[in-house]
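# Geometric and topological summary
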Amino acid sequence: MREQETYLPYEDDELDATTGEFELSERQALRRVPGLSTELTDITEVEYRQLRLERVVLVGVWTEGTQEDAENSLTELAALAETAGSQVLEGLIQRRNRPDPATYIGRGKVDDLGSVVLSTGADTVICDGELSPSQLRNLEQRTKVKVVDRTALILDIFAQHAKSREGKAQVELAQLEYLLPRLRGWGDTLSRQTGGSGRGGGAGGGVGLRGPGETKLETDRRRIRHRIARLRREIKSMTTVRQTKRARRSRNAVPAVAIAGYTNAGKSSLLNRLTGAGVLVENALFATLDPTIRRATTPDGRLYTLSDTVGFVRHLPHQIVEAFRSTLEEVADADLVVHVVDGTHPDPEEQVRAVREVLAEVGADRLPELLVVNKTDAADEETLLRLKRLWPEAVLVSAHSGRGIDGLREAIEQRLPRPAVEVRAVLPYDRGDLVARVHRQGEVLSTAHLPEGTLLHVRVNEALAAELVPYRAGDRLTTDERVAVGG
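Quick summary incoming for the structure in this document. Small disclaimer: the values here were computed from a predicted structure and weren't measured. (Residues numbered from 1 in each chain as written. Predicted model: local features only at pLDDT ≥ 70, side-chain atom pairs only at ≥ 80, totals over all residues. Heavy atoms only, no water.)

### Brief notes about the pattern of salt bridges
In the structure shown here, the tally under the stated rule is 18 salt bridges. Across the salt bridge formed by arginine 182 and glutamate 130, the nearest N and O atoms sit 3.1 Å from each other. Highlighted residues: arginine 182 in the loop between helix H6 (165-179) and helix H7 (216-251) and glutamate 130 in the loop between strand S3 (124-127) and helix H4 (133-143), separated in sequence by 52 residues. Measuring nitrogen to oxygen at the nearest pair gives 2.8 Å for the salt bridge that ties glutamate 172 to arginine 227. Taken together, the residues glutamate 172 in helix H6 and arginine 227 in helix H7 connect sequence positions 55 residues apart. Assessed through its relative accessible area of 27%, arginine 227 is described here as partly exposed. In this structure, a network of salt bridges that share partners links the residues Glu76, Asp128 and Arg150. (Salt bridge = Lys/Arg side-chain N within 4 Å of Asp/Glu carboxyl O. Helix = DSSP H or I, 4+ residues; strand = E, 2+ residues; numbered from the N terminus. Buried < 20%, exposed > 50% of the residue type's maximum accessible area, 1.4 Å probe, protein only.)

### What about the packing of helix H3 (residues 107-120) against H4?
If you want to describe how two helices pack, look at the angle between their axes and the distance between the axes. The contact between H3 and H4 brings their axes to 9 Å, and the two run at 50°. As judged from the angle between their axes, H3 and H4 are oblique. Crossing handedness for the pair H3 and H4: right-handed. Mapping the contact onto sequence places Arg107, Val110, Asp111 and Leu113 in H3 and Leu139, Arg142 and Thr143 in H4. Partitioning the contact of H3 with H4 into residue classes produces 3 nonpolar, 1 polar and 3 charged. (Axes fitted to C-alpha atoms, helices over the stretch in contact; angles between N-to-C directions. Parallel < 35°, antiparallel > 145°, perpendicular 65-115°, else oblique. Left-handed = near helix turned anticlockwise from the far one by under 90°. Contact = heavy atoms within 4.5 Å. Nonpolar A, V, L, I, M, F, W, Y, C, P; charged D, E, K, R; others polar.)

### Some points on the nonpolar core
Formed by 95 residues in total, the largest nonpolar core has its most connected members in Leu270, Phe312, Val338, Leu370, Leu408 and Ile412. Beyond its immediate chain neighbours, meaning those up to four positions away, phenylalanine 312 contacts Ala260, Gly261, Tyr262, Thr263, Leu328, Val355, Val358 and Leu359. Residues Ala425, Leu434, Leu456 and Val460 belong to the second largest nonpolar core, which totals 14 residues. (Core = buried A, V, L, I, M, F, W, Y, C linked by side-chain atoms within 4.5 Å.)

### Quick notes on H3
In a regular helix each residue adds 1.5 Å, so 14 residues correspond to 20 Å; H3 covers 20 Å between its end C-alpha atoms and thus fits that length. Here H3 has its buried residues at Val110, Leu113, Val116, Val117 and Thr120. Buried residues of H3, viewed axially, fall in a sector of 120°; they line one side. Exposed residues pointing more than 90 degrees away from the buried face of H3 are listed as Arg107, Leu118 and Ser119. (Expected span 1.5 Å × (residues − 1). Arc of directions from axis to C-beta.)

The structure is reproduced here in structure tokens:
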């Protein structure tokens, strides 16, 4: 077996801190090794198994749209599978009015699928949709391999990439809510655990243990419900901390900008370009899940925050949306949404539609939106011209090369909310702290230096305007001083 090379950083290495290089090398050092599984081949002999995604066959049902739409969906499923550590062997699409209620694909197609699985040596089938428990069970019985749907695949990727305590709790909650209705057992696992029926107490009976009892399945369901309740309490407490931090920023009147967009559109790269945040950047779907908030300043000195959010995808599982609701609320409470679109994607319009659909679910569709087409260095000119005609107000950038970043900063600055109160004030030179706050929280229209202090013409919020009342400059300004501050 070929030994995998692991990158270890040395002191002399010139690592690019703006791509999260250390975290990236750590992630790449741990990969699934195929061929080492001891799992039984007959899936009916196994009750619980972790997702084993090594050699997979993809299956999709095309119910609406064009053939190109169906192929794009399956291509995206292949990218998800590869992100989860799989080797995609084959992809099948069936044209139907609706998925088969028993087997997802038609029963004749199931036989074809079984033949493909046998000929390719696949050990997993991934379906491009959310399957019911009966559909999963029927497909597994017919194909004799593990069957995974799109939702379980995305949850598996989230579980691999979550790093923070809140992120891990959110992913576990989503996984348990998905698993609960699909929990099932085979063979002896349905025997009574605390009692038995019939003479002698049955398989789980004995002296003092006779009675209806409780199955292993029921025990597991009860434990999962208890764990779900506990996770919800933990996430609620962590949400309180997040809301407290958000309220503090709101009190300080710091505008918030949320970077949202389709997964792998380049949101983290863009945040690194704008702020030097050093967030992990990897060419993979859902590479970063935990939100990152960084400070930035406008050319005139105003402070604002930029936050990177979890990426979206078409048909994002509702369990994920619910579990990550507290995180997604960072977008809903922002003053501006920077919506990043992958300019090299074959269907960017569908990406925008999917993102706006999720934003609407968390109440962020009412916010001002700045559309940003990223990866322009890799897109052809014809595509860029088409997108420019489609979205005239969009800003075209390349986070990789830095092209268009200055224009993006200016566009963000123009859309930031401006303080409401206009004030002219002379601040004594010993109040440099107040001058700094005005520059940080307000918009400085003009400034001049007088013998008695710094003369400022500014726009500030109401709270800061109240603090400037004792220093307000009015009739005592000379004509030259009025000109200096635009009066």
